[in-house]
Amino acid sequence: MTSVSGTDDGAMTGADGGAVSGAPAAGEASASAPAPAAVPYPAAARVLAAVLAVAAVAAMCWSGLNHDVRYVLGGMRASGRGSIPASGTFVHRPLAYRWLLSWLDHLTAGPVAVREAWIRLLVIVVTAAVAWWLRSGLARRLPRREATAVAGAVGLALLFAPAWDFLQPEWVAVLLAVAGLAAALGPRRTWLAAGAGGVLIALVVLVKYTTAPTALLPLGALWVLDRRRALLTTAVAVVATPAGFALAIAVQPREWRWFNELSALNPDTPVQHGLRAADLHAMVTTVGVEALMNPVVALLPAAVVLLARGSASRAGRWGWPLLTAAGVAGVLAALVAQGQWFQYHLAALPVLAAALCGLAVARRPQLPLPGGALLLGVAVPLLSGQSWNWRHAHETAAYALVWTVVLVTLVAAALPGRRGVRFTNVRGTAGRYVPAAALLLALAIPVWPTTPYSYDTRHSTFTALERARTRHELSHWMDGVRDRIGADTPVTYLAFGDNNYLLGNPTHCRYPTPDFLQRTRYDRSITGQASYRENLRCLDDPASRYALLDTFWFPLGQIAPQAAARIRARFDCDRPVAALPAFHLVVCPRR
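Residues numbered from 1 in each chain as written. Predicted model: local features only at pLDDT ≥ 70, side-chain atom pairs only at ≥ 80, totals over all residues. Heavy atoms only, no water.

Residue-level account of a nonpolar patch on the surface, with values.
Judged by side-chain polarity, Val 114, Trp 118, Leu 121 and Val 125 come together as a nonpolar surface patch covering roughly 340 Å² of accessible area. Within the secondary structure layout, Trp 118 lies in helix H4 (residues 112–138). (Patch = residues over 30% accessible without salt bridge, like charges linked within 9 Å, V, L, I, M, F, W, Y side chains within 5 Å. Areas by Shrake-Rupley, 256 points an atom, 1.4 Å probe, with all protein chains shown as cover. Salt bridge = Lys/Arg side-chain N within 4 Å of Asp/Glu carboxyl O. Helix = DSSP H or I, 4+ residues; strand = E, 2+ residues; numbered from the N terminus.)

Which residues make up the side chain of Asp 498, and what values go with them?
The residue Asp 498 is located in helix H22 (residues 497–503) in this model. One buried charged side chain, Asp 498, makes no salt bridge at all; its nearest oppositely charged neighbour is Arg 70, positioned 5.3 Å away. Those residues in contact with Asp 498, other than ones at most four positions away along the chain, are His 67, Arg 70 and Tyr 71. (Buried < 20%, exposed > 50% of the residue type's maximum accessible area, 1.4 Å probe, protein only. Lys, Arg positive; Asp, Glu negative; His and termini not counted. Contact = heavy atoms within 4.5 Å.)

Please provide a residue-by-residue account of the packing of aromatic side chains, values included.
As enumerated under the stated definition, the model contains 20 aromatic pairs in all. With a centroid separation of 5.1 Å and an interplanar angle of 50 degrees, the aromatic rings of Phe 90 and Phe 516 are classed as tilted. Of this pair, Phe 90 sits in the loop between helix H2 (67–81) and helix H3 (95–105) while Phe 516 sits in helix H23 (residues 515–518), placing them 426 residues apart in sequence. Under the relative-accessibility criterion, Phe 90 is labelled buried at 3%. Between the aromatic rings of Tyr 511 and Phe 516, the centroid separation amounts to 5.8 Å while the plane-to-plane angle is 90 degrees, which identifies the pairing as edge-to-face. Taken together through their ring pairs, the aromatic side chains of Trp 164, Phe 342, Tyr 344, Tyr 453 and Phe 462 make up a single cluster. Positioned over the ring face of Trp 132 is Arg 135, at 5.4 Å from the centre of the ring. If you follow Arg 590 out to its NZ or CZ, it ends over the ring of Phe 571, 5.5 Å from the centre. (Phe/Tyr/Trp six-rings, centres within 6.5 Å; stacked < 30°, edge-to-face > 60°. Lys NZ or Arg CZ within 6 Å of the ring centre and 35° of its normal.)

Can you break down the nonpolar core residue by residue, with the values?
Formed by 163 residues in total, the largest nonpolar core has its most connected members in Leu 167, Trp 171, Leu 369, Trp 477, Leu 548 and Phe 554. Ranked by the residues each element gives to this core, the list is headed by helix H6 (residues 169–185), at 14 residues. If we ignore the near neighbours within four places in the chain, the residues touching Trp 477 are Leu 548, Ala 578, Ala 579, Leu 580, Leu 585 and Val 587. Ala 163, Trp 164, Tyr 453 and Phe 462 belong to the second-largest nonpolar core, a separate cluster that totals six residues. (Core = buried A, V, L, I, M, F, W, Y, C linked by side-chain atoms within 4.5 Å.)

Right, dumping it as structure tokens:
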């Protein structure tokens, strides 16, 4: 077997001389003809692309961060000001994720909006670099056009992720998975590639543990592209993952206890009671909403059909659907295991779909897939940008329209013979931009200012505009509270972490968001856990002069009586020094 690294002849070869056979062959569709000569992009196209890129980056930086990321950052900042490091702060996330966000946070400074913009910009730069790194590795094994399409689609899917996905552990795991694949493909020295790729893939697991199925995606892609490196990278990852977990426990012994007690904070999951009909319905609903709001997910079956039909070998025709189904099953397994049915638990699905759609468009830029992407890229923003009342009233029609487009696209992709008119034959060379533009339009839907997080389910009014308005209103009130009580006054937080984030006062509690106390409103057995007792002792801190209470999230009448009685004995929430009824917030002075 020979290696033909860095050519565009379509042969899939490994950098170490290991040509891949059997699995979906990456260059089968284009091996019969030489790659066309590259045509320089017109100056007008470059200027337009630059303007759009700057506008997109500015919009993403302006939109800020979601409340879950603020929860983590706010907790670590509040405890950090109370002399508790990020490693010893409980924010419902493993140590690897806490360290990553803490490191990122320490690179910023200034007001909330400025710090969020800096974090966004830093992550955008890192993501773009990872996508470019991936392209470099893929270009040694795929035609450059295909490598560019896959890496570009993956990078855009990460950057254009919905606001609630961005920087969540699931999203970070996907970014690390892409970086792991790029590392395993990039260096010419196999030992260096396997070592770097394996460590990065181990981090995919360590940022949340339920992200373990995401680690299988880069390993599966690597198996198709270079089996020798796949085996070595897998071996490194298998060793590095438990070693990383052991290191986390050595750094912070509580990590083992938190790992064991964490599941109690998410009661009534399929892992605890088994898979029920209601869980299957919730899974279908969650995936359906994801497909509607991210058209590349809905177009994934058509992309797989096109890739399978373009395969010259029987193994390739079977391999594309089987490997894709395995990848999707892994993502769904993590969704079901957590049983919370948040859309961000599916963060890997749009990126996987974007990669396959990009490859399919690069290989077969005919009407079915670009046409479906173009139609959905226009229709979905128009539908989802309407008011919630309108969306609710036209829910059936909206889903019917979208799924009709998806079905027609799938049927057109599966029909034998010619699959429509090539865009490259339409209006000369200008037509070659249309497939890429159509895919870009579909990928960009989640970052439209008027796009809600879901069409008609959870957080269906959560848009960039709404989030910016809420941040401005709440920040203004928190500024007044801080001026009144003093910026350095220790506070006991009895509210969700994004409130801690906006107030910014220190706390001497390693549970800056009292998750173990709050969850007793659902499950009183938590009172028997060591972390609950440790969280309860935070209420006795004599230095804490005030308590910030969210009466909706932390209702004193519903939590464990022991915790409620201790709070009432130490803080006077009947006569708060400040209140914001619209957000259910009160500031209670110490008795």
